[in-house]
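# Geometric and topological summary
Listed below are the residues making up each chain.
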Amino acid sequence: MAQIRVRFAPSPTGSLHIGGVRTALFNWLFARKHNGVFVLRLEDTDLERNLQEAETGIMSSLRWLGLNWDEGPDTGGLFGPYRQSERNDIYRSEAYRLLENGAAYQCYCTPEELALQREEARQKGLMPRYDGRCRHLDDKARREREAGGIRPTLRVRVPLEGVTVVHDLIKGDVEFENKTLDDFIIMKSNGLPTYNFACVVDDNLMRITHVIRAEEHLSNTPKQIFLYQALGYRPPVFAHVPMILAPDRSKLSKRHGATAVEEFLFDGFFPEALVNYLALLGWSPGDEREMMTAEEVTSAFSLEAISRHAAIYDTKKLTWLNARYLNTFELERVVKDVLPFFQAHGFIKTTVDDQAYSYIRSVVEVVRSRVHTLVELADASSYFFMDGFSYDEKGVKKFFARPGVAGLLERGREALAGTHPFDLSTVEQAYRDLITEFGVPGGALIHPTRLALSGKTMGPGLFDIMVTLGKEKCLERLDRAVRWINTNCGL
């Protein structure tokens, strides 16, 4: 059996989104499962829409996710170049071959004439399609058109009768009646190839064995099969992956959380969590596993296990999965990844010394079990780094406005001031003793103390907060809270 070779071929006209990266992932998994080759090819023939920043973003997004390619624009390979814009001579040569053997013909219809054809078809209740009027032009007619300054396109002759069957590993056999297809363009009047033509030429010359792509390309496949046959190529194996839909089964859009891959990085998601989630979006390992490493997914992956039905995108599930990674990763990994978010908030300097790192590590260890993303981790850690925070309004009404609360906080301060060593067991015991002495519910002291130390009513355990902040900082914040209560609550 020939070596498995697959490709991911995005157009660099925008950011890489959920659907595209899942296609890349399935290709990558299939290649890695079979010790094959994963090719990155940039289909950049749309000169007006191509963006250099889009190309850079696509490649950096794939690298961030760990979807490394074996051949591509930057790595090279035996079958390059890997940008379609650098392969025009190849396309022209193959197009000329089709013209010579009669499988293609020159079309001199202007955009205005084509628009009129489409409108006439609509008025007759027919599907708009090219009517083939240039299919049988003689040399004289072509010369007259060219004398008028019309630059022709090149169209392929599609069989007028019969059925084309697409053998698909996921969809099964899908039939297309040839009469419903028109003689489609393979070379534009500007000398550039269309998607269907360039795609077929490249897949053949790059020896792609399996084309794994979104089902929206299924309608292109019979056209591509015509080209494989006309060019004398052997078609690859096709596998069209079902769509990803929004929770309401509508077309997925940004309002459903379908953001660019780069935004998941900026929003504090782990690449492992996103890869894990996308792998399970339309594919199953055959058991109940939900948290899987890339290696585990690769080992279990098969195209046959991909569902024939659309997958439903669920940001809540992704966020939940990310939280599991956040809490199971080695602490050092989480600290390393959250540092840029702390720096962006102004919590820490660009350079972190050993003492600062030790404090950050303690903060992350205390806070991470309560959050879902690195952004949430940074937001929830703010009071460990910033002293001038405000107090939660509802918390003030509920805990600071109670009679005698300032006195309770003062006694709590005294208990902490006399605590040695200032560790988890001793500070908790000091507060438990105080609660017993006062004969009050634990919350009567714990809740206002939490608000005093953090400005919040929820978060990590109070005694974890105390030990992480340290004695000096706890005493300062309790003093500040007592002053604030006496000034603003009159108690």
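The structure this text deals with has already been given above.
The paragraphs below set out a description of the structure included in this document. (Residues numbered from 1 in each chain as written. Predicted model: local features only at pLDDT ≥ 70, side-chain atom pairs only at ≥ 80, totals over all residues. Heavy atoms only, no water.)

### Section: the overall build of the chain
- Along the chain, the regular secondary structure elements total 20 helices and 11 strands.
- Here the C-alpha atoms of the chain give a radius of gyration of 32 Å, more than 25% beyond the 23 Å that 2.2 N^0.38 yields for 491 residues.
- Along the longest, intermediate and shortest principal axes, the C-alpha atoms of the chain span 105 × 50 × 40 Å.
- Counting across all 491 residues of the chain, residues that qualify as buried make up 47%. (Helix = DSSP H or I, 4+ residues; strand = E, 2+ residues; numbered from the N terminus. Rg over C-alpha atoms; globule rule 2.2 N^0.38 Å. Buried < 20%, exposed > 50% of the residue type's maximum accessible area, 1.4 Å probe, protein only.)

### A look at the packing of aromatic side chains
- Per the counting criterion, the structure on display carries 17 aromatic pairs.
- Note on tyrosine 325 and phenylalanine 329: the rings are 5.4 Å apart at their centroids and 55° apart in plane angle, and the pair reads as tilted. You'll find tyrosine 325 and phenylalanine 329 in the same group, each marked buried.
- Three or more aromatic residues joined by ring pairs form one cluster here, namely Phe342, Phe347, Tyr359 and Phe385.
- One Lys or Arg, arginine 155, reaches over the ring of tyrosine 130 and ends 3.6 Å from the middle of that ring.
- Here the basic side chain of arginine 480 rests over the ring of phenylalanine 389, its NZ or CZ set 4.9 Å away from the ring centre. (Phe/Tyr/Trp six-rings, centres within 6.5 Å; stacked < 30°, edge-to-face > 60°. Lys NZ or Arg CZ within 6 Å of the ring centre and 35° of its normal.)

### Digging into the side chain of aspartate 44
- Along the polypeptide, aspartate 44 turns up in the loop between β2 (37-40) and α2 (52-65).
- Within the buried set, aspartate 44 has no salt-bridge partner at all; the shortest N-O distance to an opposite charge, 4.8 Å, is to arginine 83.
- At 3.1 Å, the side chain of aspartate 44 and the backbone nitrogen of glutamine 84 are in polar contact.
- Within the structure, aspartate 44 has its side chain in polar contact with the side chain of serine 85 (distance 2.7 Å). (Lys, Arg positive; Asp, Glu negative; His and termini not counted. Salt bridge = Lys/Arg side-chain N within 4 Å of Asp/Glu carboxyl O. Polar contact = N/O pair within 3.5 Å; in protein donor to acceptor, adjacent residues only side chain to side chain.)

### Focus: the sheet that holds strand β3 (residues 104-107)
- Pairing in this open sheet of three strands is antiparallel, and the strands run β3-β4-β7 from one edge to the other. Bordering the open sheet on either side are β3 and β7 (185-187), each of which pairs with just one other strand. In this sheet, adjacent strand axes meet at a mean angle of 45° when their direction is disregarded.
- Two elements, strand β4 (residues 153-156) and β7, share two bridges in a ladder whose sense is antiparallel. The residue of β7 that forms the bridge with arginine 155 is isoleucine 185. (Pairing = 2+ DSSP bridges. Axes fitted to C-alpha atoms, helices over the stretch in contact; angles between N-to-C directions.)

### Some words on the environment of cysteine 107
- Along the chain, the position of cysteine 107 falls in strand β3.
- The exposure class of cysteine 107 is buried, given its relative accessible area of 1%.
- Spatially, the C-alpha atom of cysteine 107 lies 66 Å from that of valine 364, the residues being 257 residues apart in sequence.
- Residue contacts for cysteine 107: discarding those within four places in its chain leaves Tyr130, Cys134, Pro152, Thr153 and Arg155. (Contact = heavy atoms within 4.5 Å.)

### Examining the pattern of salt bridges
- Under the defined criterion, the tally for this structure stands at 31 salt bridges.
- The partner of aspartate 89 in a salt bridge is arginine 92, and the shortest N-O contact between them spans 3.3 Å. With aspartate 89 and arginine 92 both in helix α3 (residues 88-100) and three residues apart, the pair spans about one turn of that helix.
- Judged by relative accessible area, aspartate 89 falls into the exposed class, the value being 61%.
- Put simply, aspartate 287 and arginine 289 hold a salt bridge, and the shortest N to O gap is 3.0 Å.
- Accessibility expressed as a relative area gives 33% for aspartate 287, which makes it partly exposed.
- Each member of the salt-bridge network shares a partner with another, and the members are Arg7, Arg41, Glu43, Arg87, Asp202 and Asp203.

### Observations concerning unusual backbone geometry
- With omega at 0°, the peptide bond leading from glycine 80 into proline 81 counts as cis.
- With respect to the helices and strands, the residue proline 81 is situated in the loop between α2 and α3.
- The phi dihedral of asparagine 35 falls on the positive side, at around 55°, and the residue is not glycine.
- Phi is positive for arginine 207, close to 60°, though the residue is something other than glycine.

### Looking at the packing of helix α17 (residues 424-438) against helix α18 (residues 442-454)
- As a packed pair, α17 and α18 sit with axes 9 Å apart at the nearest point and diverge in direction by 130°. The pairing of α17 with α18 is recorded here as oblique in orientation. In this structure, the crossing between α17 and α18 has a hand that is right-handed. Where α17 approaches α18, its residues Tyr431, Arg432, Leu434 and Ile435 are matched on the opposing element by Gly442, Leu445, Ile446 and Thr449. (Parallel < 35°, antiparallel > 145°, perpendicular 65-115°, else oblique. Left-handed = near helix turned anticlockwise from the far one by under 90°.)

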